[in-house]
Amino acid sequence: MQNDRPTPVGVSISPIRRALLDAGRPMENGYIESFNGKLRDECLNAELFLDLLDARRELDAWRRDYNEQRPHSSIGNLTPVEFAASVRVETGKLGAKPST
């Protein structure tokens, strides 16, 4: 793809490779498809957002529940926060905190 617009001053150009999934092949990334389905079913289809601020609040509450309260079978029935803490202990990175 060619871009005919001039490059802004101070911006460097570097080659970017795109990694795209084949159309109609969602199982090439099953983890994100599973997450997207849960987000859609449990939050987006279940809530009526009054405005952008309300949507942000509801999505933040759902994200916190998903990461901090809900155990995930794929990581030994731990919450993602508990799993991250256990990995930090095993690798000796005790000072790092998860970004929630």
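Here the structure is a predicted model, which means the values were calculated and not measured.

The rules behind the values
Residues numbered from 1 in each chain as written. Predicted model: local features only at pLDDT ≥ 70, side-chain atom pairs only at ≥ 80, totals over all residues. Heavy atoms only, no water. Helix = DSSP H or I, 4+ residues; strand = E, 2+ residues; numbered from the N terminus. Buried < 20%, exposed > 50% of the residue type's maximum accessible area, 1.4 Å probe, protein only. Areas by Shrake-Rupley, 256 points an atom, 1.4 Å probe, with all protein chains shown as cover. Phe/Tyr/Trp six-rings, centres within 6.5 Å; stacked < 30°, edge-to-face > 60°. Expected span 1.5 Å × (residues − 1). Contact = heavy atoms within 4.5 Å. Polar contact = N/O pair within 3.5 Å; in protein donor to acceptor, adjacent residues only side chain to side chain. Axes fitted to C-alpha atoms, helices over the stretch in contact; angles between N-to-C directions. Parallel < 35°, antiparallel > 145°, perpendicular 65-115°, else oblique. Left-handed = near helix turned anticlockwise from the far one by under 90°. Nonpolar A, V, L, I, M, F, W, Y, C, P; charged D, E, K, R; others polar.

So, about the overall build of the protein chain. In terms of regular secondary structure, the protein chain is built from three helices and zero strands. Helices (α) and strands (β) of the protein chain occur, in sequence order from the N terminus, as α-α-α. The proportion of buried residues among the 100 residues of the protein chain is 11%. Per element, the accessible surface of the protein chain, about 8700 Å² overall, is 54% carbon and sulfur.

What follows is about the packing of aromatic side chains. A full pass over the atoms with the stated rule returns three aromatic pairs. Here W62 and Y66 contribute two aromatic rings whose centre-to-centre distance is 5.0 Å and whose plane-to-plane angle is 20 degrees, an arrangement assigned as stacked. Of this pair, W62 and Y66 both sit in helix α2 (residues 52–69), separated by four residues, roughly a single helical turn. The pair W62 / Y66 is uniform in exposure class, with both members buried.

Residues that lie three or four places apart on an α-helix share one face, since the helix turns once every 3.6 residues. Under the 1.5 Å per step criterion, the end-to-end length of α2 is 25 Å for 18 residues, consistent within 8% with the ideal 26 Å. The inward-facing, buried residues of α2 contact α1 (30–44) and α3 (80–91). Capping the start of α2, D51 holds a side-chain oxygen 3.3 Å from the backbone nitrogen of L53, two or three residues further along.

Attention shifts here to α1. Here α1 spans 20 Å end to end across 15 residues, near enough to the 21 Å set by a 1.5 Å rise per residue. All of the buried residues along α1 are G37, L39 and C43. Next to the buried residues of α1 lie α2.

It is at 11 Å that the axes of α1 and α2 come closest, and there the two elements cross at 125 degrees. Of the possible angle classes, the one that applies to α1 and α2 is oblique. Once α1 is placed against α2, the crossing between them reads as right-handed. Contact residues: α1 offers F35, K38, L39, E42, C43 and L44, while α2 offers E58, L59, W62 and Y66. The residue makeup of the contact of α1 with α2, split by class, is seven nonpolar, no polar and three charged.

This part covers the side chain of H72. The residue H72 is located in the loop between α2 and α3 in this model. Of note is the side chain of H72, whose polar atom sits 3.3 Å from the backbone oxygen of R70. When near neighbours in sequence (up to four residues on either side) are disregarded, H72 contacts Y66, N77, L78, T79 and P80.

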